[in-house]
Amino acid sequence: MGIDKESDIAANLQIGPTTLGMVRIYIEGNGIEFPLDFDPDEADEIAEEIRAAAARARVMKG
């Protein structure tokens, strides 16, 4: 599946700090769990990429 392909897969997403000072993105769905830990600087970069993608999506949507 590519990034531009629709999907019927449902998942839960949680984001928050860990006790070790990391930022965790936790994805859960269909019997799988993905805890992804990032240092705060990496998390800031991911947030910037999400904001940029949202801006591009708004332009594409019209």
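Worth saying up front: this structure is predicted, and the values here are computed from it rather than measured.

Rules used in this analysis
Residues numbered from 1 in each chain as written. Predicted model: local features only at pLDDT ≥ 70, side-chain atom pairs only at ≥ 80, totals over all residues. Heavy atoms only, no water. Pairing = 2+ DSSP bridges. Helix = DSSP H or I, 4+ residues; strand = E, 2+ residues; numbered from the N terminus. Axes fitted to C-alpha atoms, helices over the stretch in contact; angles between N-to-C directions. Contact = heavy atoms within 4.5 Å. Patch = residues over 30% accessible without salt bridge, like charges linked within 9 Å, V, L, I, M, F, W, Y side chains within 5 Å. Areas by Shrake-Rupley, 256 points an atom, 1.4 Å probe, with all protein chains shown as cover. Salt bridge = Lys/Arg side-chain N within 4 Å of Asp/Glu carboxyl O. Expected span 1.5 Å × (residues − 1). Polar contact = N/O pair within 3.5 Å; in protein donor to acceptor, adjacent residues only side chain to side chain.

Engineer: How should I be thinking about the sheet that holds strand 2 (residues 23–29) in this particular structure?
Structural biologist: For sheets, the rule is that strands pair by backbone hydrogen bonds, running either parallel or antiparallel. Read from one edge of the open sheet, 3 strands run 1-2-3, paired in antiparallel fashion. Two strands bound the open sheet, and with one partner strand each, they are strand 1 (12–17) and strand 3 (32–38). Pairs of neighbouring strands in the sheet enclose a mean axial angle of 15°, with direction left out of account. Bridging between strand 1 and strand 2 involves 6 bridges; their strand directions are antiparallel. By the bridge assignment for strand 2, leucine 13 is matched with isoleucine 27. Most of the contacts of helix 1 (residues 40–61) go to strand 3, to which it runs at about 110°, and overall it touches strand 2 and strand 3.

Engineer: Would you take a moment to explain a nonpolar patch on the surface for this structure?
Structural biologist: Taken together, Ile32, Phe34 and Leu36 make up a surface patch of nonpolar side chains, about 260 Å² in accessible area. Within the secondary structure layout, phenylalanine 34 lies in strand 3.

Engineer: Would you mind showing me how to read the environment of alanine 55 here?
Structural biologist: The topology assignment puts alanine 55 in helix 1. Sequence separation of alanine 55 and aspartate 41 is 14 residues, and the distance between their C-alpha atoms is 21 Å.

Engineer: Whenever I open this one, helix 1 confuses me. Can you help?
Structural biologist: Within an α-helix, residues lying three or four positions from one another point in the same direction, as the helix has 3.6 residues per turn. In this model helix 1 runs 31 Å from its N-terminal to its C-terminal C-alpha over 22 residues, within 8% of the 32 Å that 1.5 Å per residue would give. For helix 1, the N-terminal capping position is held by aspartate 39, with its side-chain oxygen 3.0 Å away from the main-chain nitrogen of aspartate 41. Glycine 62 occupies a position one or two residues after helix 1 and carries a positive phi of about 95°.

Structural measurements only, silent on function.
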